[in-house]
Structure formats: structure tokens, C-alpha cells
Amino acid sequence: MSYQFDDETGFETLAIRAGLDRTNEGEHSEAIFPTSSYVFKSAAEAAARFSGTESGNIYSRFTNPTVRTFENRLAALEGAEKCLATSSGMAAITATFLGILKAGDHIISSSSIFGVTNVLMEKFLKKFDIEVSYVDLVDNRSWENAIQSNTRILFLETPSNPLGDIADIRALADLAHANNALLVVDNALCTPALQQPIKFGADIVVHSATKFIDGQGRCMGGAVLGSEAVVGTDVFSFLRTAGPSMSPFNAWVFSKSLETLKLRMDAHTVNALKLAKWLELQPSVVKVYYCGLETHPQYELACKQQSGFGGIVSFEMKDQETAWKVIDSTQMLSITGNLGDTRTTITHPATTTHGRLTPELQVAAGIKQGLIRLSVGLEDLEDIKADLQRGFSSL
Ligand SMILES: *Cc1c(COP(=O)(O)O)cnc(C)c1O
């Protein structure tokens, strides 16, 4: 008899034990099933599986035991009925839009979203006659004003990247529901260890597992979470037809990563908060952006929705030249566009992750030329500071 989880089971326990479906071998750690298809006991069983009268594995584009372990574990952590793993975060977002929307529909999106998500909307959703309006993440009135009779989805990331603006999930979920629409939240920056958007009324959560869920910069992956009625049908149907499934190997890595997720996210938060406060004291730093600072405009909301503030800290130098000098003076930090790693990464958003935006949109998104983004890792904080200090001293 396997252990039964209930509403009282703690997050850390679910992260370690939920989703494990032991085989007859009695393995303690999760087994890995690198198999593309499955065999049937008879022609009749094959027919029953294919016709759907009997449930069970057919082919790994549809289901795989290792992938299912990851899905069930992440579903338990987000408090979702259903989780579907995907080959990347972008596959999760694409499957959500294409599974749910049709030509003539309208979506409202925060203007501060991951750059490639923006390209997906502009270049592809619009091509299929799906209308997109962009609004200010933190201005509830602007969301309300953008509602149309054909609005089907409200889409956002909170905290936003790189500035850490916070959306009011409950208010926007209520707005969506009052208008027959769904609220979709990209929870990649917080992960369920720090924020569970479904608890605040979000209908769907999407993830790039590539970031903090893996947490060590190894595998690409993503997930869509929500109800059986929407995610389990429309999104599942698209995903298993279009084919961006997660590989069993990656699912196994992610399942193991979930076991330490809470520990890691809390440690990222501790390092990031201390570093943000230290950056505020540096004379050459113009401004620090971190939702864990009491001076942050949505600090109260962050405290309400999140159990920690996460690892992304941004700060502004006076111009691009100074910012590049600081970046180039570091010796340990990784100069890369990625985030969510045990290693601290340093990025100049204006010329990399947000470089495709027009100068006007960069200004609207608050991406100044002197802005530097850090994804604060788990190294000794003193070593991270010393590396940045090299940059500040060089000015
Ligand atoms: C990286 C990222 C994505 C895309 O995920 P991939 O795994 O790279 O496809 C989507 N949303 C956010 C917030 C991200 O940081």
C-alpha cells in the first residue's frame, strides 16, 4: 500500500515523494524508462488501448512512466489537477495558446514578458488571426480596459524579468473569470517553491523547467498545469499531436531536481536579498530592482503572494559603457543570457535578452542602457560580491 498524501502533506514531502510509482524491482530512487513504445499482451489489448476503452501506455509521445513521475510531482507542488511535461518552456507556452485559442480570439499580455514569448505572439499567433494587446503588468485598470468580447486569455509573468514587477494574481484572475477568459501565469522565476498561482485563482501555470526547476543548467524542458477539463483535453490533444514531448532522461533529471527545489529557492532568495542590499550601498549603482527590497513599489504584494523573492536582481549603472565595464571586469560570474542556475549569471538585457525590442519598447519596458541583470546563484556570497567589486573598482 503506498503512502497517501492529503491537503496537510508538506511541500518538501511532496517534492521528494509525490509521483513515485515503484516497479516490482522495488527501486528506492525513481527508475528511468527510455522506451519509445510499449507492448501489448494481445491484439485485443492493443485495440482497446488505441480506441481509448482501456487506459495505459501506447507510445512515448503520449505518455511515459518517467515523464509521468515528473508531471505528478510538479502537479502536487503547484496544486494542479493535471500537469503536462513538454520539451521546453516555449513548447509549453505554444501548446497552451494553440490548444485553447482559435482564429478571431484575442489575448491580453503583459508587456514585460520573456522575449521569445513576445515573438511567438507577434510572428505566429497574429499570423493565425489571433489578436494581441499589451498592457502594463502592474496597472489593473489597463488590463480591464483591454478586455474585448473575444478575449480568451490573460497572460503574464510575475515577478517580471528583469525588473521584478509584481502582478496582482487574484485581481487579474477575477477579471478574467468575469469575462469568460482564462488567466495564464508563467511561473518560471518563482517556481511553486515560492509561489503557487493556482491558489490565487490562476487557471493555468506554465513553466520553463530549464531554469530554476532544473536549477543546474543541464536540461531543456517545460510544463503546463491546470484543470483536467482544459489542460487535460485541449492542451493535451495539441501537445500529443504536435509532438514536443519531454525526454524520459530529462524528466528524470527534473524529478530529482524537484527534491531540492525548496532548499535551493530559499538559498537563492537569501543570497539575492543580501546582494541587493549590498548593491544599494555602492556609490556607482544608480538603482537596484528587487521585489524583496522594502522600497520596491509592489513589496507588499510580493510578500502576500510569494514565500520568498527569488534569485533575480537587476541594477542600473549610469550608461551602457559603465555597465559593460562592470560585466567585463568579473572573473567568476558567467556572462550568459540564461538564468536559474547554481552559478551566478550576469547579463546586459538591452543588448541581449531584450535587444530585439525597438528603442521605444525598451523604454516602455524600463530596460535602460545601463541595466545589468544578475541571476544570483548559490556560491559563497562574499565571492559574488568580490567579483562585482572588481567591476566597481575599475570605474
Ligand atoms: C526561459 C524562459 C522561457 C522559455 O523557456 P525555454 O525552456 O527556454 O523554452 C519562458 N518564460 C520564461 C519566464 C523564461 O525565463
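Quick caveat, the model's predicted, so the values are computed rather than measured. Every chain's residues receive numbers from 1 upward, in the order its sequence appears when written. The predicted nature of this model means local features are confined to residues of pLDDT at least 70 and side-chain atom pairs, given and counted, to a pLDDT of 80 or more, with totals for whole chains, interfaces and linings taken over all residues. Calculation of side-chain values draws on the structure's entire complement of heavy atoms; hydrogens and water are dropped beforehand.

Can you help me understand the environment of Pro248 in this one?
Put simply, DSSP H or I for four residues or longer makes a helix, DSSP E for two residues or longer makes a strand, and each gets a number counted from the N terminus. Here Pro248 is to be found in helix H10 (residues 248-258). Spatially, the C-alpha atom of Pro248 lies 9.9 Å from that of Thr69, the residues being 179 residues apart in sequence. Ignoring sequence-local partners within four residues, the contact set of Pro248 consists of Ile32, Phe33, Pro34, Asn64, Thr66 and Val67. Contacts are residue-level and defined by heavy atoms, with any inter-residue pair within 4.5 Å sufficient.

Got a minute to help me understand the site of the ligand in this structure?
In the vicinity of the ligand lie 13 residues, with Met90, Asp186, Ser208, Thr210 and Lys211 positioned nearest. A 3.5 Å cut-off defines polar contacts: any pair of N or O atoms within that distance qualifies, except that in protein one atom must be a possible hydrogen donor and the other a possible acceptor, and neighbouring residues in sequence count only when both atoms are side-chain atoms. Thr210 is positioned such that a nitrogen or oxygen atom in its side chain is 2.6 Å from an oxygen atom of the ligand. Lys211 is positioned with one of its side-chain polar atoms (N or O) 2.6 Å from an oxygen atom of the ligand. Bound to the protein, the ligand loses 93% of the 380 Å² it would expose on its own. The element contributing the most residues to the shell around the ligand is helix H4 (residues 89-100), with three residues. Any residue outside Ala, Val, Leu, Ile, Met, Phe, Trp, Tyr, Cys, Pro, Asp, Glu, Lys and Arg is labelled polar, Gly included; the first ten of those are nonpolar and the last four are charged. Classifying every residue of the shell around the ligand by side-chain character gives five nonpolar, five polar and three charged. Any residue with a heavy atom positioned within 4 Å of a molecule or strand is treated as near that molecule or strand. Values of accessible area rely on a 1.4 Å probe in the Shrake-Rupley scheme; residue burial ignores everything except the protein chains shown.

Even after reading the chapter, I still don't get the domain arrangement of the chain, so can you show me in this structure?
Taken as a whole, the chain is organised into domain 1 (11-258) and domain 2 (261-393). Delimitation of the domains relies on an automatic or database domain assignment. For domain 1 and domain 2, the distance between their C-alpha centres works out to 27 Å. With 35 residues of domain 1 at the contact, the number on the domain 2 side is 39 residues. Of the roughly 3000 Å² buried between domain 1 and domain 2 on both sides combined, carbon and sulfur atoms contribute 60%. Accessible area that two parts lose when put together, with a 1.4 Å probe and added across both, is what the buried area reports. Of all residues in domain 1, Leu163, Leu194 and Phe212 give up the largest surface area on contact with domain 2, accounting jointly for 26% of the area buried on that side.

For this particular structure, what's the right way to read the sheet that holds strand S3 (residues 131-135)?
Strands pair in a sheet through their backbones, by hydrogen bonds, and they do so in one of two ways: parallel or antiparallel. Should DSSP find at least two bridges between two strands, the strands are regarded as paired. Taken in spatial order, the seven strands line up as S1-S7-S6-S5-S4-S2-S3 in an open sheet, and their pairing is mixed. Two strands bound the open sheet, and with one partner strand each, they are strand S1 (82-86) and S3. Strand-to-strand, the axes of this sheet are offset by a mean angle of 20 degrees, without reference to chain direction. Both strand S5 (residues 182-186) and strand S6 (residues 204-208) contribute to a ladder of three bridges, which runs parallel. Considered in S6, the bridge of Val185 is made with Val205. For every element, the axis is a line fit to its C-alpha atoms; helices are fit only across the contacting stretch, and the angle between N-to-C directions ranges from 0 to 180 degrees. H4 contacts S1, strand S2 (106-110), strand S4 (151-157), S5, S6 and strand S7 (222-226) of the sheet and is inclined by roughly 150 degrees relative to S6. Where helix H5 (residues 115-125) meets the sheet, it contacts S2, S3 and S4, and its direction lies at approximately 145 degrees from that of S3.

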